[in-house]
Amino acid sequence: MNLKSLTQPELAQILKQRNQPAFRAKQIFTWLHKGVRGYDEMTNLPKGLREELAKDYPICPPEVIRRQESQRDGTVKYLWKLSDGNCVETVLMRYHYGNTVCISTEVGCRMGCAFCASTLGGLVRRLEPFEMLDQVLFTQVDSGLPISHIVLMGIGEPLDNFDNVMRFLELVNSPEGMNISMRHISLSTCGLVPKIDELARRKLQLTLSVSLHAPNDAVRDRIMPVNKAYPIEELLAACRRYYQATNRRISFEYAMIRDANDSQADAKELLRRLKGLPAHFNLIPLNHVEESPLKPSTRAAVAAFQKTLEDGGVTATVRRTLGGDIDASCGQLRRKYQKEGN
Ligand code: SAH
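Residues numbered from 1 in each chain as written. Predicted model: local features only at pLDDT ≥ 70, side-chain atom pairs only at ≥ 80, totals over all residues. Heavy atoms only, no water.

Caption draft 1: Representation of helix H3 (residues 47-56) in the model. Those residues of H3 not exposed but buried are Leu49, Arg50 and Leu53. Taken down its axis, H3 places every buried residue within 100 degrees of arc, on the same side. Away from its buried face by more than 90 degrees, H3 exposes Lys47 and Lys55. Where H3 is buried, its residues touch helix H2 (23-32). (Buried < 20%, exposed > 50% of the residue type's maximum accessible area, 1.4 Å probe, protein only. Helix = DSSP H or I, 4+ residues; strand = E, 2+ residues; numbered from the N terminus. Arc of directions from axis to C-beta. Contact = heavy atoms within 4.5 Å.)

As structure tokens, then:
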């Protein structure tokens, strides 16, 4: 068990069993959420307690094994080694509104999307809450930049690791910890309908991003196996319920794949299907993955698609691709490291 996965009241319980005064929970919680690497850094704790905790609850910070910084835009990509030897990646992006980290939620992924590097080796295991928190904390410590925004868009499907992700959100949101507002957090899903409903019931103020990538079942079935379990109409119905429950506009991600999902007919079909659902589209020219035959759309096709959506009343932005020179997308760095024989 790792103390950093616990809420402050849970931590207080553990300390109470050790006959520690109540204020210790807050002290320790604050230190842990600063990203300390050992209990000896907790200078306001008695030495005996520090030693006891170090023995019973080692901190196990992740180790940086690759750090790539884009020369173009300052994006930094970290490959971390976790305490069991598995690797995950985190990307730090510097936007005008604040420093944003894109974190992984699982080691690998079992969703099988045809264009994604993260899923090529399947799911190895889910991340614990502290392992998601550590990505934020140690990116902040390493870069020296204050992190204000988080996107759950790295390796893994967050809603396939639901309880741990919910706990991570509670931790990173806590005022005595990183205090990152839910409104500064986006959670991206490939479309696990029952979990979207469960998330809606929590009424969090985060932004739900849905990886749609297709206007209909014929196209979506081909690139996203999850669509066979939860076809597009069911997914969009869940999005409507989500909007009703939270009043939060859904953000749709749409990776533009040449001759697969980028025609004018596709854009018009999307408009018909989305009628009445407040939505925003992020158009992302596909990042080429070595193992995949799929190619990015041309710039002209992306612009035409965007225009059709906007003319139909749906806002659409073309996502600026950051870190194009450093494999900064979706499991590519971990994949490369594995292929080098690690
Ligand atoms: N599993 C979640 C979150 C992780 S993926 C989800 O599916 O949403 C984050 C986003 O990157 C998703 O929209 C995913 O579809 C997209 N993505 C994956 N591989 C990509 C690629 N090669 N090019 C562009 N976008 C990609």
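The structure having been displayed, the exposition proceeds.
Caption draft 2: Structural detail: the domain arrangement of the chain. Taken as a whole, the chain is organised into domain 1 (3-56) and domain 2 (63-339). On the domain 2 side, the residues contacting the 15 residues of domain 1 number 15 residues. Interface area for domain 1 against domain 2, summed over the two sides, is near 1200 Å², with a carbon-plus-sulfur share of 56%. When the area that domain 1 buries against domain 2 is broken down by residue, the three leading residues are Lys4, Ser5 and His33, summing to 47%. Where domain 1 touches domain 2, the interface holds three salt bridges. (Domains from an automatic or database assignment. Buried area = accessible area lost by both parts, 1.4 Å probe. Salt bridge = Lys/Arg side-chain N within 4 Å of Asp/Glu carboxyl O.)

Caption draft 3: Main features of the pattern of salt bridges. By the definition in use, this model includes 20 salt bridges. One salt bridge connects Lys4 with Asp134, and the closest N-O pair in it is separated by 2.5 Å. With Lys4 in the segment before helix H1 (8-17) and Asp134 in helix H4 (residues 129-143), this residue pair connects regions lying 130 residues apart in the sequence. Here Glu269 and Arg273 are joined by a salt bridge, their closest N and O atoms 2.9 Å apart. With Glu269 and Arg273 both in helix H10 (residues 264-273), this residue pair falls four residues apart, about one helical turn.

Caption draft 4: Representation of the packing of aromatic side chains within the structure. All told, the structure shown has five aromatic pairs when counted by the stated rule. Look at Tyr95 and Tyr97: their rings are 5.1 Å apart centre to centre, the planes differ by 15 degrees, and that puts the pair in the stacked class. Taking relative accessible area as the criterion, Tyr97 reaches 45% and is therefore assigned partly exposed. Seen in terms of ring centroids, Tyr254 and Phe281 are 6.2 Å apart; in terms of plane orientation they differ by 55 degrees. Their pairing is tilted. You can see Tyr254 sitting in strand S10 (residues 250-256) and its partner Phe281 sitting in strand S11 (residues 279-285), a full 27 residues away along the chain. Phe281 shares its class with Tyr254; the two are buried. (Phe/Tyr/Trp six-rings, centres within 6.5 Å; stacked < 30°, edge-to-face > 60°.)

Caption draft 5: Region of the structure containing the environment of Asp84. The residue Asp84 is located in the loop between strand S2 (76-81) and strand S3 (87-95) in this model. For Asp84, a relative accessible area of 43% puts it in the partly exposed group. Put simply, Asp84 and Pro62 are 22 residues apart on the chain and 9.8 Å apart in space, counted from C-alpha to C-alpha. Of the polar contacts made by the side chain of Asp84, one reaches the side chain of Asn86; its length is 3.0 Å. (Polar contact = N/O pair within 3.5 Å; in protein donor to acceptor, adjacent residues only side chain to side chain.)

Caption draft 6: Examining the nonpolar core more closely. Counting residues in hydrophobic clusters, the biggest one holds 96 residues, and the most contacted among them are Ile150, Phe168, Leu169, Phe252 and Phe281. It is helix H5 (residues 162-173) that provides the largest number of residues to this core, a total of seven residues. When near neighbours in sequence (up to four residues on either side) are disregarded, Phe252 contacts Val210, Leu212, Leu236, Cys239, Leu274, Leu277, Ala279, His280, Phe281 and Asn282. (Core = buried A, V, L, I, M, F, W, Y, C linked by side-chain atoms within 4.5 Å.)

Caption draft 7: Geometry of the site of the ligand. Around the ligand, 18 residues are found, and the nearest of them are Phe115, Ser188, Ser211, His213 and Asn287. A distance of 2.6 Å separates an oxygen atom of the ligand from a polar atom in the side chain of Ser188. One of the backbone N or O atoms of Cys190 is found 3.5 Å from an oxygen atom in the ligand. Protein coverage of the free-state accessible area of the ligand, which is 530 Å², stands at 94%. (Near = heavy atom within 4 Å. Areas by Shrake-Rupley, 256 points an atom, 1.4 Å probe, with all protein chains shown as cover.)

Caption draft 8: Representation of the pairing of strand S9 (residues 207-211) in the model. Among the five residues in S9, five count as buried, and that is most of the element. Here S9 shows a buried face lined by Thr207, Ser209 and Ser211 and a second buried face lined by Leu208 and Val210. Relative to S9, strand S8 (residues 185-189) runs parallel, the two sharing four bridges. Bridge assignment links Leu187 to a residue of S9, and that residue is Leu208. Remark: the S8/helix H6 (residues 193-202)/S9 crossover connection has right-handed handedness. (Pairing = 2+ DSSP bridges. Right-handed = clockwise from strand over helix to strand, strands pointing away.)

Caption draft 9: Structural detail: unusual backbone geometry. Residues other than glycine seldom take positive phi values, yet Cys60 does so here, at roughly 50 degrees. One can find Cys60 in the loop between H3 and strand S1 (63-69). For Cys60, a relative accessible area of 31% translates into the label partly exposed. The phi angle at His213 is positive, at roughly 60 degrees, despite the residue not being glycine. Residue placement: His213 occurs in the loop between S9 and helix H7 (217-223). Residue classification places His213 among the buried residues on the basis of a relative accessible area of 7%.

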